[in-house]
Amino acid sequence: MKAWNPKSERGQALPETALFATLAILMAFGLLSWIPAHRARTAATAAAYTCSQFLSQSPDPARAQRNAVNLAWKTLNADWSATRGASYRVQVSPPAGPGLPGRCLVSFQAPTLFNGLLGLSTGGWESEWFISRSETWKARWQ
């Protein structure tokens with residue numbers, strides 16, 4: 001007859017496997033829910049940069065604002081962005097005069113995956129922005 005040994009590791013494999021599997025599943029859900037937020041931020045950054053670059057290249061602030069907003073939306077709606085379900089807002093502050101800075105702000109709200117499963121609430125609005133300054137030689141256009 002064997003003596004009972006309380007320090008035996010017999011039967012530990014099943015609890016350890018269950019614990020590891022639970023942690024692996026939680027990490028997989030966490031990584032999958034992070035993807036839409038990252039893609040939305042990348043698209044918003046690209047749109048804000050495109051907007052600011054175009055804003056700095058027109059001597060007419062009203063026309064520059066309209067064209068910059070259109071380019072930002074074209075960037076956000078491009079096939080490569082892969083941000084289905086994300087919401088965006090584009091705000092452009094045109095330069096007050098030649099050589100002065102303008103600003104492009106793109107706000108985004110990414111969808112929250114597995115919301116019903118994890119009981120998460122929807123995330124708030126986040127923003128990416130760029131400042132645009134016209135080149136000094138363009139100030140001579142007016």
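Residues numbered from 1 in each chain as written. Predicted model: local features only at pLDDT ≥ 70, side-chain atom pairs only at ≥ 80, totals over all residues. Heavy atoms only, no water.

## Quick notes on the pairing of strand β2 (residues 101–109)
Phase 1 of the analysis: Both strand β1 (residues 87–93) and β2 contribute to a ladder of 7 bridges, which runs antiparallel. Note that in β2 the partner of Val90 across the bridge is Val106.
Phase 2 of the analysis: Where β2 meets strand β3 (residues 126–133), 8 bridges bridge the pair, whose relative direction is antiparallel. When the bridges of β3 are listed, Val106 appears paired with Glu128. (Pairing = 2+ DSSP bridges. Helix = DSSP H or I, 4+ residues; strand = E, 2+ residues; numbered from the N terminus.)

## A short note on the packing of helix α1 (residues 13–55) against helix α2 (residues 61–76)
Two packed helices can be described by the angle between their axes and the distance between those axes.
Phase 1 of the analysis: Following both chains from N to C, one finds α1 and α2 inclined at 155 degrees, their axes separated by 8 Å at the closest point. Relative to α2, the element α1 lies roughly antiparallel. The handedness of the crossing between α1 and α2 is right-handed. Residue-level inspection shows Ala43, Ala44, Ala46, Ala47, Thr50, Cys51, Phe54 and Leu55 of α1 in contact with α2, the latter providing Ala64, Gln65, Asn67, Ala68, Leu71, Ala72, Thr75 and Leu76. (Axes fitted to C-alpha atoms, helices over the stretch in contact; angles between N-to-C directions. Parallel < 35°, antiparallel > 145°, perpendicular 65-115°, else oblique. Left-handed = near helix turned anticlockwise from the far one by under 90°. Contact = heavy atoms within 4.5 Å.)

## Some points on the state of the cysteines
Phase 1 of the analysis: Scanning the model with the defined rule gives 1 disulfide in all.
Phase 2 of the analysis: Disulfide partner of Cys51: Cys104, at an S-S distance of 2.2 Å. Residues Cys51 and Cys104 are joined by a disulfide whose S-S torsion is about -70 degrees; by sign, that bridge is left-handed. Here Cys51, found in helix α1, pairs with Cys104, found in strand β2; they are 53 residues apart in sequence, far enough to count as distant. Of the two residues, Cys51 and Cys104, neither departs from the other in class, the shared state being buried. (Disulfide = S-S within 2.5 Å. Buried < 20%, exposed > 50% of the residue type's maximum accessible area, 1.4 Å probe, protein only.)

## Some words on the sheet that holds β2
Phase 1 of the analysis: Taking strand neighbours across the sheet as the criterion, the 3 strands line up as β1-β2-β3 in an open arrangement whose pairing is antiparallel. With partners counted over all chains shown, the strands left at the sheet margins are β1 and β3, one partner each. On average, each strand axis in the sheet is inclined to that of its neighbour by 15 degrees, with strand direction left out of account.

## With respect to a nonpolar patch on the surface
Phase 1 of the analysis: Taken together, Leu32, Trp34, Ile35 and Leu113 make up a surface patch of nonpolar side chains, about 380 Å² in accessible area.
Phase 2 of the analysis: Topologically, Leu32 is positioned in helix α1.
Phase 3 of the analysis: Among the residues examined, Leu32 registers a relative accessible area of 42% and is labelled partly exposed. (Patch = residues over 30% accessible without salt bridge, like charges linked within 9 Å, V, L, I, M, F, W, Y side chains within 5 Å. Areas by Shrake-Rupley, 256 points an atom, 1.4 Å probe, with all protein chains shown as cover. Salt bridge = Lys/Arg side-chain N within 4 Å of Asp/Glu carboxyl O.)

## Quick look at the confidence of the model for the chain
Any segment with low pLDDT has predicted coordinates that should not be analysed in fine detail.
Phase 1 of the analysis: For the chain, per-residue confidence averages 80 on the pLDDT scale, and 79% of positions sit at 70 or higher.
Phase 2 of the analysis: No element of the chain has a lower mean pLDDT than helix α3 (residues 115–118), at 57, and none a higher one than β1, at 93. (pLDDT = per-residue confidence, 0-100.)

## Some details on the side chain of Ser52
Phase 1 of the analysis: Locating Ser52 in the fold gives a position in helix α1.
Phase 2 of the analysis: The contacts of Ser52, once residues within four sequence positions are left out, are Cys104, Phe130, Ile131 and Ser132.

## Overview of the pattern of salt bridges
Phase 1 of the analysis: Evaluation of the coordinates by the stated rule reveals 2 salt bridges.
Phase 2 of the analysis: Among the ionic pairs, Arg41 bridges to Glu128, the shortest N-O distance being 2.7 Å. Of this pair, Arg41 sits in helix α1 while Glu128 sits in strand β3; the two residues are 87 residues apart in sequence, bridging distant segments of the chain.
Phase 3 of the analysis: Looking at Arg41, the relative accessible area reads 32%, which means it is partly exposed.
Phase 4 of the analysis: Exposure remark for Glu128: the relative accessible area of 18% places this residue in the buried category.

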